[in-house]
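Chain and residue survey
The residues making up each chain are set out below.
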Amino acid sequence: MSEQTYADRHWTSADGLRLHFRDYPAAVAAGERAPVICLHGLTRNARDFADLAEFLAPTGRRILVPEMRGRGDSEYARDAATYNVGQYVADLNALREQEGIDRYVAIGTSMGGLMTMVQAMHDPAPIAAAVLNDIGPVVDPAGLERIMDYVGQGGSYPTWIHAARALEELHKAAYPGFDLDDWLQMAKRTMTLCGNGRIAHDYDMSIAEPLRAADGDQAAAPADLWPGFDALAQRPLMLIRGELSNLLSQATFAEMRARAPQAAVVSVPEIGHAPTLDEPCVRSALGEFMARLD
């Protein structure tokens, strides 16, 4: 999608942070259709959804892609303790208030899915429909430990090729079919060119502090999220899991499917945590899901 198809806009959190979001206007008259809000993962940013926004454009819905505090072009938190899911939901609700959004379709990858379940647990009314990408009410400890091994570790690279190779070394088990072009694309989505000419991860390394302070568990999933999931099950719902995922176990995914028998379900072959949402099987199912909403 070209740069001209979205506007870079901002909103302010309750504690005064200037936060950034991409605003893709409705391509056609959207009528009463709820906008889509895409919610990224722990270390990611709005660039993750650039291709998805292009794919969704024909639906005519407005698409908003916020960057949570400490990621991308959003301001870094002054207090690292505010890097938690509850705060991110509060920040998102401040954005909705600014934009006058009463109902929305949530597409949440990993942490974005946790945000969606937390919102549904406290107040499901704003969520018209939801897509949960490789996340559930129970976070597999093995996957969480894997994330803890690398999040907040910093590091920089002299070229994009070096950055891509570093990502390949770190994540090749999750994406065994990726070639160099795929890794380069991931690098350019997740990293940024710094003022010193080096390439570094595009997030505040301090996002790791609350995770480590709570040994990961409470910070990753701050409550029993099954009530939030059960609330989402009363709405149009799509569940996506990478077949190689180490964060969403097969057992949890099976329980989710049992509790939401009407949900659309996609299991993505040869992909771990998390599917990019660009996979053909995901695009096909997501297209059908959005068409049913219309």
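Our subject is the structure that appears above.
Given the structure is predicted, the values throughout are model-derived calculations rather than measurements.

1. What to know about the pattern of salt bridges
Tallying each qualifying case throughout the model produces 15 salt bridges. Its salt-bridge partner being Asp 23, residue Arg 9 comes within 2.9 Å of it at the nearest N-O pair. In this pair, Arg 9 sits in strand β1 (residues 7-12) while Asp 23 sits in strand β2 (residues 18-24), placing the two residues 14 residues apart along the sequence. Given the relative accessible area of 28%, Arg 9 is considered partly exposed. Given the relative accessible area of 8%, Asp 23 is considered buried. A salt bridge links Asp 48 to Arg 44, with the shortest nitrogen-to-oxygen separation between them at 3.0 Å. Asp 48 sits in the buried class, given a relative accessible area of 12%.

2. A short note on helix α5 (residues 160-171)
Along an α-helix, residues three or four positions apart point the same way, because every turn accommodates 3.6 residues. In this model α5 runs 16 Å from its N-terminal to its C-terminal C-alpha over 12 residues, within 8% of the 16 Å that 1.5 Å per residue would give. When α5 is considered as a whole, its buried residues turn out to be Ala 163, Ala 164, Leu 167 and His 171. Angularly, the buried residues of α5 cover 100 degrees about the axis, an arc narrow enough to put them on a single face. Each element contacted by the buried residues of α5 is listed here: α4 (141-150), β7 (156-157), α6 (180-190), β8 (191-193) and β9 (199-201).

3. With respect to the nonpolar core
By size, the foremost hydrophobic cluster in this structure holds 53 residues, and its most contacted members are Met 115, Leu 132, Phe 229 and Leu 237. Sorting elements by how many residues they give to this core places helix α3 (residues 111-122) first, with six residues. Not counting residues within four places of it along the chain, the set of residues in contact with Met 115 comprises Leu 39, Met 68, Val 85, Tyr 88, Val 89 and Leu 92. Among the nonpolar cores identified, the runner-up in size contains 42 residues, and Ala 46, Leu 184, Ile 199 and Val 268 belong to it.

4. Things to note about the packing of helix α2 (residues 85-99) against α3
Two elements in contact, α2 and α3, have axes whose closest approach is 9 Å; the angle formed by their N-to-C orientations is 75 degrees. In terms of their interaxial angle, α2 and α3 are classed as roughly perpendicular. Between α2 and α3, the contacting residues are Val 85, Tyr 88, Val 89, Leu 92 and Asn 93 on the first element and Met 111, Leu 114, Met 115, Val 118 and Gln 119 on the second. Across the contact of α2 with α3, the residue classes break down as eight nonpolar, two polar and no charged.

5. Some details on unusual backbone geometry
The omega torsion of the bond from His 273 to Ala 274 falls at 0 degrees, within 30 degrees of zero and hence cis. Within the secondary structure layout, Ala 274 lies in the loop between β11 (264-268) and α11 (280-293). One non-glycine residue, Asp 134, lies in positive phi territory at about 60 degrees. Structurally, the position occupied by Asp 134 is in the loop between β6 (127-133) and α4. Residue class for Asp 134 comes out buried when judged on its relative accessible area of 0%. In this model, Glu 270 sits at a positive phi of 55 degrees, which is unusual for a non-glycine residue. Mapped onto the elements of the fold, Glu 270 is located in the loop between β11 and α11. Its relative accessible area of 51% is what places Glu 270 among the exposed residues.

6. Some thoughts on the side chain of Arg 189
Mapped onto the elements, Arg 189 comes out in helix α6. At 3.1 Å, the side chain of Arg 189 and the side chain of Asp 278 are in polar contact.

7. A word on the pairing of β2
Burial analysis of β2 places six of its seven residues in the buried class, the great majority of the element. Alignment of β1 against β2, held across six bridges, turns out to be antiparallel. Each residue of the ladder has a partner; that of Trp 11, found in β2, is Leu 19. Counting the residues in the hairpin turn of β1 and β2 gives five residues, including Gly 16, whose phi is positive at 90 degrees. Pairing of β2 with strand β4 (residues 63-66), which is carried by four bridges, proceeds in the antiparallel orientation. Paired with Arg 22 across the strands is Val 65, a residue of β4.

8. What about the layout of surface pockets?
In this approach a probe as big as a water molecule rolls over the atoms, and the regions it shows empty are the leftover space. When its volume is computed, the largest pocket comes out at roughly 770 Å³. What lines the largest pocket is a set of 38 residues, among which Arg 44, Tyr 175, Met 186, His 273 and Ala 274 lie closest to the centre. Elements that contribute at least two residues to the lining of the largest pocket include exactly α4, α5 and α6. It is α6 that contributes the most residues to the lining of the largest pocket, five residues altogether. A per-class count over the lining of the largest pocket returns 17 nonpolar, 14 polar and seven charged.

Conventions adopted
- Residues numbered from 1 in each chain as written.
- Predicted model: local features only at pLDDT ≥ 70, side-chain atom pairs only at ≥ 80, totals over all residues.
- Heavy atoms only, no water.
- Salt bridge = Lys/Arg side-chain N within 4 Å of Asp/Glu carboxyl O.
- Helix = DSSP H or I, 4+ residues; strand = E, 2+ residues; numbered from the N terminus.
- Buried < 20%, exposed > 50% of the residue type's maximum accessible area, 1.4 Å probe, protein only.
- Expected span 1.5 Å × (residues − 1).
- Arc of directions from axis to C-beta.
- Contact = heavy atoms within 4.5 Å.
- Core = buried A, V, L, I, M, F, W, Y, C linked by side-chain atoms within 4.5 Å.
- Axes fitted to C-alpha atoms, helices over the stretch in contact; angles between N-to-C directions.
- Parallel < 35°, antiparallel > 145°, perpendicular 65-115°, else oblique.
- Nonpolar A, V, L, I, M, F, W, Y, C, P; charged D, E, K, R; others polar.
- Polar contact = N/O pair within 3.5 Å; in protein donor to acceptor, adjacent residues only side chain to side chain.
- Pairing = 2+ DSSP bridges.
- 1 Å grid on protein atoms, 1.4 Å probe; cavity = no way out; pocket = protein on both sides within 12 Å on 5 of 7 lines; lining within 4 Å.
- Points joined across faces, edges and corners; volume = space filled by probe spheres on them.

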